[in-house]
Amino acid sequence: MKKVSLLLCLALAGISATAQESGVSAEAGRKATFARNGFWDNWFVGAGAGASVYFGPGDQHADFLDRMTVNPSVFVGKWFNPYLGVRFRGQGGKIHTFSGNEGQNMYSMTHVNATVDFMFNVTNYLGKYNENRFYNFIPTVGVGYDHRFEDKFKQRGFNGPTFNASLLNTFRITDKLSAFAEVGGFIVERRFDRGPQGKTHWNGIATGTAGLILKVGKSGFEEAVLMDTDLLNDLNGQINKLRRENDDLRNRKPNCPPAVPCPEVAAPSAVSPDTYIPNVVFFRLNSANIDNNQEVSIYNTAQFLKSNPDAKIKIIGYADKLTGTAEYNLKLSERRARNVAKVLTDKYKISSDRIKIEWKGSSEQPYKENAWNRVAIFFAQ
């Protein structure tokens with residue numbers, strides 16, 4: 001009963017701390033839609049050390065400090081979204097068990113325990129997602145497998161399943177490094193401590209661990225910005241219409257009276273200076289990465305340039321004014337423009353001499369809809 005009360009107190013303390021945090025997401029984590037992360041994104045590794053205490057029929061009479069042993073723990077895991085993740089953990093070391101009416105007989109055993117833990121970040125789920133939050137409260141549940149080695153009395157070893165749960169508390173140190181404190185435990189079959197074979201009673205092992213967690217590779221999540229499909233379809237429709245008209249003009253034959261010779265007609269200029277091309281690349285919030293569904297705009301622009309060998313374009317990057325500082329948005333819009341230009345040169349082999357880039361940050365907003373200004377726009381020159 002005391003153990004249950006302690007766990008409930010820790011849970012309430014974690015939720016209370018959560019309620020005092022503020023995040024940068026527009027909505028609470030459970031209401032926000034996040035872009036999918038890649039397989040190698042949001043991995044982490046951790047290591048720590050702590051104490052373990054075995055709870056068996058003869059252990060309550062023994063001195064508590066005699067029952068306590070030091071056990072190391074290592075793990076690796078991944079977050080699938082801001083509040084759901086999984087980790088693979090290994091822990092083990094010495095375990096002390098006791099027998100006799102006064103717990104006077106102590107047995108020292110060595111074991112290793114491997115588990116798969118499912119993690120739920122309550123802080124991100126109930127509050128607004130913030131990758132830079134100082135504190136996170138994360139309950140875990142899992143299943144595992146335990147192996148106890150043969151002891152010095154030649155007692156047979158043990159192999160069996162375990163069921164575990166814990167309360168994980170993390171504390172941010174840097175963007176990549178956090179400290180953690182975790183309390184929990186797992187249940188194991190009675191025969192773990194050299195009890196009679198065949199019994200199905202379960203005993204418990206309580207654990208407390210502290211250590212460090214290191215984020216590996218790209219970390220953090222971005223909210224998915226749902227683009228206006230009607231706008232995109234309209235813009236791409238205009239592009240296709242202009243391409244058809246251009247092809248018609250190029251292939252049209254002069255229609256002159258038979259008796260009158262047709263005059264020499266110079267080919268019209270492909271584009272006029274600073275002509276707007278209704279072709280744009282939209283970006284997600286705080287991102288300069290080009291989504292796959294946006295590459296069609298770059299493809300159409302590349303085809304336009306290949307069909308008009310003398311044409312040049314200007315790419316202008318923008319950022320919306322309702323998020324980020326003016327200085328940050330200026331750099332973000334530069335990355336957006338450069339990334340679009342890079343696809344044109346690297347993937348579609350358009351000469352860099354035909355591409356000019358500019359960036360306006362959030363100082364100019366080409367669209368009235370705030371989210372649409374996370375964009376790079378093409379202009380013909």
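So, how was this worked out
Residues numbered from 1 in each chain as written. Predicted model: local features only at pLDDT ≥ 70, side-chain atom pairs only at ≥ 80, totals over all residues. Heavy atoms only, no water. Salt bridge = Lys/Arg side-chain N within 4 Å of Asp/Glu carboxyl O. Helix = DSSP H or I, 4+ residues; strand = E, 2+ residues; numbered from the N terminus. Buried < 20%, exposed > 50% of the residue type's maximum accessible area, 1.4 Å probe, protein only. pLDDT = per-residue confidence, 0-100. Contact = heavy atoms within 4.5 Å. Core = buried A, V, L, I, M, F, W, Y, C linked by side-chain atoms within 4.5 Å. Pairing = 2+ DSSP bridges. Axes fitted to C-alpha atoms, helices over the stretch in contact; angles between N-to-C directions. Expected span 1.5 Å × (residues − 1). Arc of directions from axis to C-beta.

### Topic: the pattern of salt bridges
Counted according to the given criterion, the structure contains 16 salt bridges. Across the pair Lys215 and Glu131 runs a salt bridge, and its minimum N-O distance is 2.5 Å. One end of the pair, Lys215, is in strand β8 (residues 202–216); the other, Glu131, is in the loop between α3 (122–126) and β5 (135–148), with 84 residues separating them in the sequence. Residue Glu131 is classed as partly exposed on the basis of its relative accessible area, which comes to 27%. Across the salt bridge formed by Asp175 and Arg172, the nearest N and O atoms sit 2.3 Å from each other.

### Observations regarding the confidence of the model for the protein chain
With 75% of its residues at a pLDDT of 70 or more, the protein chain shows a mean pLDDT of 80. Segment residues 1–24 is flagged for pLDDT under 50; beyond a separation of four residues in sequence, or across chains, it makes 27 contacts in the model. Across residues 259–274 the pLDDT falls below 50, and counting only partners more than four positions away or on other chains, this stretch makes 14 contacts in the model.

### What about the nonpolar core?
Counting residues in each nonpolar core, the largest one holds 20 residues, and the members touching the most others are Ile298, Ile313, Ile315, Val340, Leu344 and Phe378. Contributing elements (two or more residues each) for this core: α5 (295–307), β10 (313–318), α6 (326–346) and β12 (375–380). Non-local contacts of Ile298, meaning those with residues more than four positions away in its chain, are made with Val281, Ile290, Val340, Val343, Leu344, Tyr348 and Phe378.

### Quick word on the sheet that holds β5
As summarised here, the arrangement of the eight strands in space is β1-β2-β3-β4-β5-β6-β7-β8, forming a closed barrel in which the pairing is antiparallel. Neighbour to neighbour, the strand axes of the sheet diverge by 25 degrees on average, direction disregarded. Two strands pair when backbone bridges link them, and strand β1 (residues 43–55) and β8 are joined in this way by 13 bridges, in the antiparallel orientation. Along β8, the bridge assignment pairs Ala51 with Gly208.

### Topic: α6
Look at α6: 30 Å from first C-alpha to last across 21 residues, which is about the 30 Å you get at 1.5 Å a residue. Within α6 the residues assigned to the buried category are Asn329, Leu332, Ser333, Arg336, Ala337, Val340, Ala341, Val343 and Leu344. Viewed along the axis of α6, the buried residues span an arc of 170 degrees, placing them on a single side of the element. Across α6 from its buried face, at more than 90 degrees, point the exposed residues Glu327 and Lys342.

### Let's talk about the pairing of strand β3 (residues 84–99)
With eight bridges connecting them, strand β2 (residues 68–81) and β3 associate as antiparallel partners. Its bridge partner lying in β3, Gly77 is registered against Arg87. Adjacent in sequence and paired antiparallel, β2 and β3 are bridged by two residues. Bridge count between β3 and strand β4 (residues 105–120): 16 bridges; the pairing is antiparallel. Within β4, the residue paired with Leu84 across the bridge is Phe120.

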